[in-house]
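The lines below spell out each chain.
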Amino acid sequence: MASGIVIAGAGPAGITVAELLRRRDPAQAITLISAEPFAPYSPPAMADYFMTGRSQALYWKGTDVCERLGLEYLPDTRIRALNASDRELTLEDGTRLVYGQLVIATGSGLYAPVSGYDLDGVYNFKSLSAAARLVDSVRAGGVERAVIVGAGFIGVELALLLGNLGVNVVLLEREDRLMHRMLDAETAEIVLERVRSRGVEVQLETPARGFIGANRAEGVELESGQVVRGDAYIAATGVKPNVDWLQGSSVACNWGVVVDDCLRAAAGDVWAAGDVAETRDRLTGERYVHAIFPNAVAQARIVASGLLGYPTRYDGAEAMNSLKHLGVDVMAVGASAGDEELRLRHGDTLRKLFLRDGRIVGFRLAADVSAAGVYRSLMLRGVDVRGWRHRLLDVRPGAAWLGVQ
Ligand SMILES: Cc1cc2nc3c(=O)[nH]c(=O)nc-3n(C[C@H](O)[C@H](O)[C@H](O)COP(=O)(O)OP(=O)(O)OC[C@H]3O[C@@H](n4cnc5c(N)ncnc54)[C@H](O)[C@@H]3O)c2cc1C
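Residues numbered from 1 in each chain as written. Predicted model: local features only at pLDDT ≥ 70, side-chain atom pairs only at ≥ 80, totals over all residues. Heavy atoms only, no water.

*Asks:* A description of the overall build of the protein chain should follow, citing residues and the corresponding values.
*Replies:* Along the backbone of the protein chain there are eight helices and 27 strands. For the protein chain, whose C-alpha radius of gyration is 22 Å, the value lies close to the compact-globule estimate of 22 Å for 405 residues. Contacts in the protein chain between residues at least 24 apart in sequence constitute 61% of all its contacts with a sequence separation of at least 6. As displayed, the protein chain offers around 17800 Å² of accessible surface, 46% of which is attributable to carbon and sulfur atoms. (Helix = DSSP H or I, 4+ residues; strand = E, 2+ residues; numbered from the N terminus. Rg over C-alpha atoms; globule rule 2.2 N^0.38 Å. Contact = heavy atoms within 4.5 Å. Areas by Shrake-Rupley, 256 points an atom, 1.4 Å probe, with all protein chains shown as cover.)

In structure tokens, the structure reads:
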């Protein structure tokens, strides 16, 4: 029956909070709970782990991190409910756990707005357990052809991984481009060519109705009525904050957990960080879940400060993602349109800046992403770049614009 600080979720957000708290207070009782049976891991490193077998990046804090930090670690333990007024969690097996302060860091899970996603034989790549089930069945043989529904970042990354493992992949996407939320048409075209050149069969503008089968998945039914068949089926249809266990509690949730500017989720010392938290977009001010690793860690730092008695304002985050394993670097940051566009294209090298009222509101880079830091800094500071817009795309080392502060 723990009290002290309880951290629900051992992803990048949860373990970062634990580590920061421990650094400040060697004696504080900290309980870390994970629905997963593994040591805390980094999901962005999963594909690499399955490709190379190297686990260092996956277990980014070390497999012994919980012992080293003196945490009470409860792996393979799912939380069912929260009663914030009694400061009490109920675990799946009915055990009750009392906390002094609570961090909600349960991250995100599969969002599947298609029927049959829970049939046997439908896999996903959203957690290490789920990913291991898929890769184990591929390695056991019998998966010659896999059908992935959804070509967002995870769908594309998975298509490349399965291709590397020798599987013929069909990638189905309802929109007219890959990664439509993050990529403009031109950048998406570069990615599409690369993905196709790796042998992946991509079908765009092909909405799926759902997975079909009596007891086990036997195909993906398209809205056209056609059925696409394979030996394995994968839902890569999006991600959603893991907030089901908060239903009926006093923690307010929209898409994710609603937090204040210091990431407090509810009275009674309840905080939230990472993919589960709905924070403000730094550029638009809208409430949004920008579900990426650096945001989870940045939010964890804010929550740790709050727990230590120094509530700190979170600046918000912007949409950002990068694609690995493509053979070409691709980076997408901020908006994918503006009232003006600056563009430079040379082969696969693309630099594209979107401006609004003379200020950068987003950019897309392919092949050479070395200017990302400078563009992002200009964007976040709201610098009016009208006076030297013709030099912004000049990327020669030492070019004059690099010196602009
Ligand atoms: C395949 C893949 C590739 C990615 N690539 C990138 C990338 O290249 N760059 C990038 O920035 N981001 C990437 N991301 C996103 C990044 O992984 C997340 O933003 C990050 O993991 C969020 O951390 P988190 O701690 O908030 O949540 P999560 O990592 O989702 O961790 C949530 C934790 O909560 C636990 N949990 C959930 N529900 C319960 C419950 N009811 N009870 C108990 N425990 C629970 C889980 O077991 C887990 O320990 C990728 C994600 C995936 C899946």
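There is more to say, and it comes next.
*Asks:* Give me the site of the ligand: which residues, what numbers.
*Replies:* Contacts to the ligand come from 33 residues, most closely from A13, I79, D275, F293 and K324. Within the contact set of the ligand, an oxygen atom lies 2.9 Å away from a backbone nitrogen or oxygen of A13. Taking D275, its side chain carries an N or O atom lying 2.8 Å from an oxygen atom of the ligand. Surface burial for the ligand is 91%, taken as the share of its 1000 Å² of free accessible area covered by protein chains. Secondary-structure elements contributing two or more residues to the shell around the ligand are α1 (12-24), α5 (153-164) and α7 (293-307). No other element matches the three residues that α7 contributes to the shell around the ligand. Each residue belonging to the shell around the ligand can be placed in one class, and the counts come to 18 nonpolar, nine polar and six charged. (Near = heavy atom within 4 Å. Polar contact = N/O pair within 3.5 Å; in protein donor to acceptor, adjacent residues only side chain to side chain. Nonpolar A, V, L, I, M, F, W, Y, C, P; charged D, E, K, R; others polar.)

*Asks:* Can you lay out the layout of surface pockets for me, pointing to particular residues and giving the numbers?
*Replies:* Its boundaries defined by the atoms lining it, the second largest pocket holds a volume of some 170 Å³. Every residue lining the second largest pocket is counted, 15 residues in all, and those nearest its centre are D261, R280, R313, Y314 and G316. Looking at which element gives the most residues to the lining of the second largest pocket, the answer is strand β21 (residues 277-280), with three residues. Of the residues assigned to the lining of the second largest pocket, the class counts are three nonpolar, three polar and nine charged. (1 Å grid on protein atoms, 1.4 Å probe; cavity = no way out; pocket = protein on both sides within 12 Å on 5 of 7 lines; lining within 4 Å. Points joined across faces, edges and corners; volume = space filled by probe spheres on them.)

*Asks:* Account for the nonpolar core, naming residues and giving values.
*Replies:* Core analysis: the largest hydrophobic core is formed by 54 residues, its most contacted members being L82, L89, L102, I104, V251 and V257. Beyond its immediate stretch of four places on either side in the chain, L82 contacts E88, L89, Y99, L102, W245, L246, S249 and V251. With 52 residues, the next largest nonpolar core counts V143, L171, M182 and I190 among its residues. (Core = buried A, V, L, I, M, F, W, Y, C linked by side-chain atoms within 4.5 Å. Buried < 20%, exposed > 50% of the residue type's maximum accessible area, 1.4 Å probe, protein only.)

*Asks:* Tell me about the sheet that holds strand β25 (residues 340-346), residues and numbers included.
*Replies:* Ordered by their spatial adjacency, five strands build an open sheet running β23-β24-β27-β26-β25, and the pairing between neighbours is antiparallel. The open sheet has two edge strands with one neighbour each: β23 (320-323) and β25. In this sheet, adjacent strand axes meet at a mean angle of 10° when their direction is disregarded. Together, β23, β24 (330-334), β26 (349-356) and β27 (359-366) form the strand contacts of helix α8 (residues 372-381), whose direction differs from that of β27 by roughly 160°. (Pairing = 2+ DSSP bridges. Axes fitted to C-alpha atoms, helices over the stretch in contact; angles between N-to-C directions.)

*Asks:* How would you summarise the packing of aromatic side chains if you had to cite specific residues and measurements?
*Replies:* Using the criterion set out here, one finds six aromatic pairs in the structure. Centre to centre, the rings of F50 and F125 are 6.3 Å apart; their planes meet at 55°, and the pair counts as tilted. Taken together, the residues span a long stretch of sequence, with F50 in helix α2 (residues 46-52) and F125 in the loop between β9 (122-123) and α4 (128-139) at a distance of 75 residues. Judged by relative accessible area, which is 6%, F50 ranks as buried. On the accessibility criterion, F125 (6% relative accessible area) is buried. (Phe/Tyr/Trp six-rings, centres within 6.5 Å; stacked < 30°, edge-to-face > 60°.)

*Asks:* Mind laying out the sheet that holds strand β18 (residues 257-258), listing which residues take part and the relevant values?
*Replies:* Backbone hydrogen bonds are what pair the strands of a sheet, in a parallel or an antiparallel way. Spatially, three strands are ordered β18-β21-β22 in an open sheet, and the strand pairing comes out mixed. The open sheet has two free edges, formed respectively by β18 and β22 (287-288), since each of these has just one partner strand. Direction of pairing for β18 relative to β21: parallel, over a ladder of two bridges. Residue V257 lies in a different strand from β21, and its bridge partner there is A277.

*Asks:* Would you mind going over the environment of L246 in detail, with residue names and values included?
*Replies:* As for its position among the elements, L246 is in the loop between β17 (239-241) and β18. The sequence separation of L246 and A337 amounts to 91 residues, and the corresponding C-alpha distance is 36 Å. With sequence-adjacent residues up to four places away left out, L246 is seen in contact with L82, I104, V251, C253 and V257.

*Asks:* Before we move on, could you go through the pairing of strand β10 (residues 145-149) and cite the residues and values that matter?
*Replies:* β10 sits mainly inside the fold: four of its five residues count as buried. Here β10 runs beside strand β11 (residues 168-172); their pairing, made up of five bridges, is parallel. Residue pairing across strands places R145 opposite N168, the latter belonging to β11. Handedness of the β-α-β unit built from β10, α5 and β11 comes out right-handed. (Right-handed = clockwise from strand over helix to strand, strands pointing away.)

*Asks:* Please set out the confidence of the model for the protein chain residue by residue, giving values where relevant.
*Replies:* Residues of the protein chain with pLDDT of at least 70 account for 97%, and the chain-wide mean is 93. Overall, residues 398-405 carries pLDDT values under 50, and its contacts beyond four positions in sequence, including any with other chains, amount to 14 contacts. (pLDDT = per-residue confidence, 0-100.)

*Asks:* Can you lay out the state of the cysteines for me, pointing to particular residues and giving the numbers?
*Replies:* Counting across every chain of the model gives zero disulfides. C253 forms no disulfide, and the closest cysteine sulfur to it belongs to C262, at a distance of 19 Å. (Disulfide = S-S within 2.5 Å.)

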